[in-house]
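Each chain, written out:
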Amino acid sequence: MVSPVLSERAQLLVAIADDELILGWRDSEWTGIAPFLEEDVAFSSIAQNEVGHARALYELAARDLDTTADALAFDRKPEEYRCAQLVELRLPEWERTIARHYLYEQADAERLERLKTSDDEEVAGLAAKIDREEAYHRLHAEMWFERLKDEPRFTAALEELRPLAAAVNDPSLRNGHTPELAEIWEQMTEVRRSVPGATW
Amino acid sequence: MIYEVFRQERKGQAFQHAGSVEAPDEQFAEAYAREQYGRRGESAALWVVEREAIHPIEDFVDELNRNYHRVDGYPLKQKLKEARERAGTSKERAI
Amino acid sequence: MADSEQEFLEYVQSGGQVETDDWMPDEYRARLRKFIEMHGNSELMGVLPEREWILRAPTLQRKLALTAKVQDEVGHAQLIYRVVEDLGKPREQCLDDLISGKSKFHNVFHYPTKTWGDVGVIAWLVDAAAIISQKALLKCSYAPYARIMKKICWEESFHILHGRDVILTLMLGTEEQRELVQEALNRWWGPLMQFHGNPIPPDEDPMYQWRIKSQGNDEARQQFLDGYVPQIWELGLTVPDPELRKDEETGRWHYTEPDWDELMSVVTGHGPKTEDRLDLRRKARESSAWIRSVVLAEAA
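We now turn to the structure provided with this report. (Residues numbered from 1 in each chain as written. Chains lettered and ligands numbered in written order. Predicted model: local features only at pLDDT ≥ 70, side-chain atom pairs only at ≥ 80, totals over all residues.)

A closer look at the overall build of chain C
Then, in step 1: Scanning chain C from terminus to terminus reveals twelve helices and two strands.
Then, in step 2: Secondary structure of chain C in N-to-C order comes out as α-α-α-α-α-α-α-α-α-β-β-α-α-α.
Then, in step 3: For chain C, the C-alpha radius of gyration of 20 Å lies close to 19 Å, the compact-globule estimate for 300 residues.
Then, in step 4: In terms of principal-axis extent, the alpha carbons of chain C reach across some 60 × 60 × 30 Å.
Then, in step 5: Counting only residues that meet the buried cut, chain C has 43% of its 300 residues in that class.
Then, in step 6: For chain C, long-range pairs separated by at least 24 residues make up 73% of all intrachain contacts whose partners lie at least 6 apart in sequence. (Helix = DSSP H or I, 4+ residues; strand = E, 2+ residues; numbered from the N terminus. Rg over C-alpha atoms; globule rule 2.2 N^0.38 Å. Buried ≥ 20, exposed ≤ 12 C-beta atoms within 10 Å, placed from the backbone. Contact = placed C-beta atoms within 7 Å.)

Set out below in structure tokens:
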């Protein structure tokens, strides 16, 4: 479906989009069952924004690759995704989800700063747009960090996940996937695969 | 803590009570109000106020006819009619 | 303002509305709170059948729309529980009573969602049935409840659009996709016909007498049939009720008597998915209890 030889720009865009897509997908697991109702609404918006960012990034890559954002998001094999392992993990404990959220937002801020100064105007422009939404995600992550920073369960989660965060900004550390990626891919593509080629 | 949220739909309009959010502090309250009352772009601005900060007043005494504050304190119709008659302008006005 | 039950009754029956701090008869307060609490429970339990499909949404657009719809319902639960709380029952207690099975939620949320067709049928027809009840609550005699209904009805209107779009796309698709819709409709029709409750005449319905509801159950069902059966038929779908027809003279729909025993059994906690869904709520609530105690400690 997608050429294995992607241009350098498409590779970059797809890798970031994969991070945002899979993280958004994981975060959306909390919609409806977050610790309390106000947070449920807030965290769902964050999940939606991440998927929205993925879509915008895929759309840009899709133009280069003569395909569509949906095809890039859904119609690849799990091993073709370029996301970091950090975003793949299923984290059914709120403290671990918040730890990942905090670590990812920090790393993503760094990445966006870099992209905003890219010579590629389209990439820089999109990064600036995304960054304006991410600013609220960072505020959200920081206020949770402040609330939980003295909680042993939270600090343990930070220690557990911190080593995985480095791969967000270092493509050489993105080697291989966790089994959880294949699991979420199965779910993500279940309806779509049920009637191949159909419009949904 | 409960925070009451007031919403301005468009710039220039009055703020109206939109609802409330429960949050541990102002920062959370602002984040939650933003999502609960503004995520569809339905608000130009929000005011987030601690519920305790609101002082409701529900009793308004008017024992001694304060109609000079109100429209019904000014029965102009009859006087205007008489004034027009005296000025001889009532006919033209009626047309 | 009223200070006796009779005066109060006359006041609300002539269109009067009351606020939280106004005097109200004990029976009114009790019925009101129970009714609104069940509405809050229904919003919260209503997220679960659809939530199962958030992870399986087949396009990015559908993913976003479905997540946003479920998010809206959580937001509605938040608004509604606040009204209950201001009537004297804390949200935490509502949630405890919900997961212990002590309080009720709407019949349609006790059923399984089996295919993507269900996602369309729920967003289109279940939400349509719900919006009919909710629009009638815009005139509720309890003003704080009537006020939040404005935001709720406004958001529900997006859900119906989303539902219709899902359905139309499937009906324009392959035979397999069209079959998803028909099969889902077949399963949901019974619960949909039960949704507005047994046809108790408004004069005998205390909820109507107190003007908590502004229309009778069968009136709501007739309105639903009037609005949506033609829309179902025009897509070439079949409504699984051979008796269903509109009497052109009276303007009323005839239909097979809904299964009231099933309704009673389901809403008293014996639906096919009641236990699973309550169990999910219970587990989610237990595992995040410490978070609430850390974060909302000062909020209590």
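We are not done yet, so read on.
A few points about the overall build of chain A
Then, in step 1: For chain A, the helix and strand inventory stands at nine helices and zero strands.
Then, in step 2: Going from the N terminus to the C terminus, chain A shows its helices and strands as α-α-α-α-α-α-α-α-α.
Then, in step 3: By the compact-globule yardstick of 16 Å for 200 residues, chain A fits well, its C-alpha radius of gyration being 17 Å.
Then, in step 4: If one aligns the C-alpha atoms of chain A with their principal axes, the spans along those axes are about 50 × 40 × 30 Å.
Then, in step 5: With 200 residues in all, chain A has 46% of them scored as buried.

A short note on the nonpolar core
Then, in step 1: The biggest cluster of nonpolar side chains holds 142 residues, and the ones touching the most others in it are A17, L57, Y58, A61 and L86 of chain A together with A129 of chain C.
Then, in step 2: Of the residues forming this core, the biggest block, 13 residues, is contributed by helix 2 (residues 37–65) of chain A. (Core = buried A, V, L, I, M, F, W, Y, C linked by C-beta atoms within 7 Å.)

A closer look at the interface of chain A and chain C
Then, in step 1: Chain A puts 35 residues into the contact, and the matching count from chain C is 34 residues.
Then, in step 2: Counting only elements with at least two residues in the side of chain A that touches chain C, the list comes to helix 2, helix 3 (69–74), helix 6 (121–148), helix 8 (179–188) and helix 9 (190–194) of chain A.
Then, in step 3: When residues in the side of chain A that touches chain C are grouped by element, the largest group, ten residues, is from helix 2 of chain A.
Then, in step 4: Within the side of chain A that touches chain C, the residues separate by chemical class into 17 nonpolar, eight polar and ten charged. (Nonpolar A, V, L, I, M, F, W, Y, C, P; charged D, E, K, R; others polar.)

Brief notes about the interface of chain B and chain C
Then, in step 1: Taken residue by residue, the interface counts seven residues in chain B and nine residues in chain C.
Then, in step 2: Here the element with the most residues in the side of chain B that touches chain C is strand 2 (residues 16–22) of chain B; it accounts for three residues.
Then, in step 3: Of the residues that constitute the side of chain B that touches chain C, the class distribution is three nonpolar, three polar and one charged.

Here's the deal with the sheet that holds strand 2 of chain B
Residue and element names in this part refer to chain B.
Then, in step 1: The sheet built from three strands is open, its strands ordered 2-1-3 with antiparallel pairing. The sheet terminates laterally at strand 2 and strand 3 (45–50), the two strands that pair on one side only. Going across the sheet, the axis of each strand differs from the next one's by a mean of 30 degrees, ignoring polarity.
Then, in step 2: Where strand 1 (residues 2–8) meets strand 3, six bridges bridge the pair, whose relative direction is antiparallel. By the bridge assignment, Y3 is partnered in strand 3 with E50. (Pairing = 2+ DSSP bridges. Axes fitted to C-alpha atoms, helices over the stretch in contact; angles between N-to-C directions.)

Quick notes on the packing of helix 5 (residues 116–136) of chain C against helix 7 (residues 175–194) of chain C
Residue and element names in this part refer to chain C.
Then, in step 1: Viewed as axis vectors pointing N to C, helix 5 and helix 7 meet at an angle of 40 degrees, and their least axial separation amounts to 9 Å. It follows that helix 5 is oblique to helix 7 by the angle criterion. Seen from above, helix 5 lies across helix 7 with right-handed handedness. Residues W116, G117, D118, G120, V121, L125, V126 and A129 of helix 5 form the contact with helix 7, whose participating residues are L180, V181, E183, A184, L185, W188 and L192.
Then, in step 2: Grouping the constituent residues of the contact of helix 5 with helix 7 by class yields eleven nonpolar, two polar and two charged. (Parallel < 35°, antiparallel > 145°, perpendicular 65-115°, else oblique. Left-handed = near helix turned anticlockwise from the far one by under 90°.)

Regarding the pairing of strand 1 of chain B
Residues and elements named next belong to chain B.
Then, in step 1: Burial of strand 1 is one-sided: the residues Y3, V5 and R7 facing one way are buried, the residues I2, E4, F6 and Q8 facing the other way are not.
Then, in step 2: In this sheet, strand 2 lies alongside strand 1 in antiparallel orientation, the contact comprising six bridges. Paired with R7 across the bridge in strand 2 is Q16.

Thoughts on the packing of helix 2 (residues 26–54) of chain C against helix 5 of chain C
The geometry of a pair of packed helices is captured by two quantities: the angle between their axes and the separation between those axes.
Residues and elements named next belong to chain C.
Then, in step 1: Two elements in contact, helix 2 and helix 5, have axes separated by 10 Å at closest approach and are oriented at 135 degrees. The pairing of helix 2 with helix 5 is recorded here as oblique in orientation. Helix-helix and strand crossings are classified by hand; for helix 2 and helix 5 the assignment is left-handed. Touching P49, E50 and W53 of helix 2 are W116, V119 and I122, all from helix 5.
Then, in step 2: Tallied by class, the residues present in the contact of helix 2 with helix 5 amount to five nonpolar, no polar and one charged.

Some words on the environment of P191 of chain C
Residues and elements named next belong to chain C.
Then, in step 1: Within the secondary structure, P191 sits in helix 7.
Then, in step 2: C-alpha of P191 to C-alpha of S287: the two residues are 96 residues apart in sequence and 32 Å apart in space.
Then, in step 3: Filtering out sequence-adjacent residues up to four positions away, P191 remains in contact with N107, V108 and Y111.

Thoughts on helix 3 (residues 60–86) of chain C
Side chains that are three or four residues apart share a direction in an α-helix, a result of its 3.6 residues per turn.
Residue and element names in this part refer to chain C.
Then, in step 1: Taking 1.5 Å as the rise per residue, helix 3 with 27 residues should run 39 Å; its terminal C-alpha atoms sit 39 Å apart, in good agreement.
Then, in step 2: By the criterion of burial, helix 3 is predominantly enclosed, with 24 of the 27 residues buried.
Then, in step 3: Count one or two residues on from helix 3 and you reach G88, which has phi positive near 115 degrees. (Expected span 1.5 Å × (residues − 1).)

Digging into the environment of K246 of chain C
All names here are of chain C.
Then, in step 1: Along the chain, K246 falls in strand 1 (residues 245–247).
Then, in step 2: According to the C-beta neighbour criterion, K246 is partly exposed, with 16 such atoms within 10 Å.
Then, in step 3: Between the alpha carbons of K246 and D226 there is a distance of 8.5 Å; along the sequence they are 20 residues apart.

Overview of unusual backbone geometry
Then, in step 1: Non-glycine residue D66 of chain A carries a positive phi angle of around 55 degrees.
Then, in step 2: Secondary-structure assignment places D66 of chain A in the loop between helix 2 and helix 3.
Then, in step 3: For D66 of chain A, a count of 8 C-beta atoms within 10 Å puts it in the exposed group.
Then, in step 4: Positive phi outside glycine occurs at R211 of chain C, with the angle close to 55 degrees.
Then, in step 5: Within the element layout of this structure, R211 of chain C appears in the loop between helix 8 (206–209) and helix 9 (217–233).

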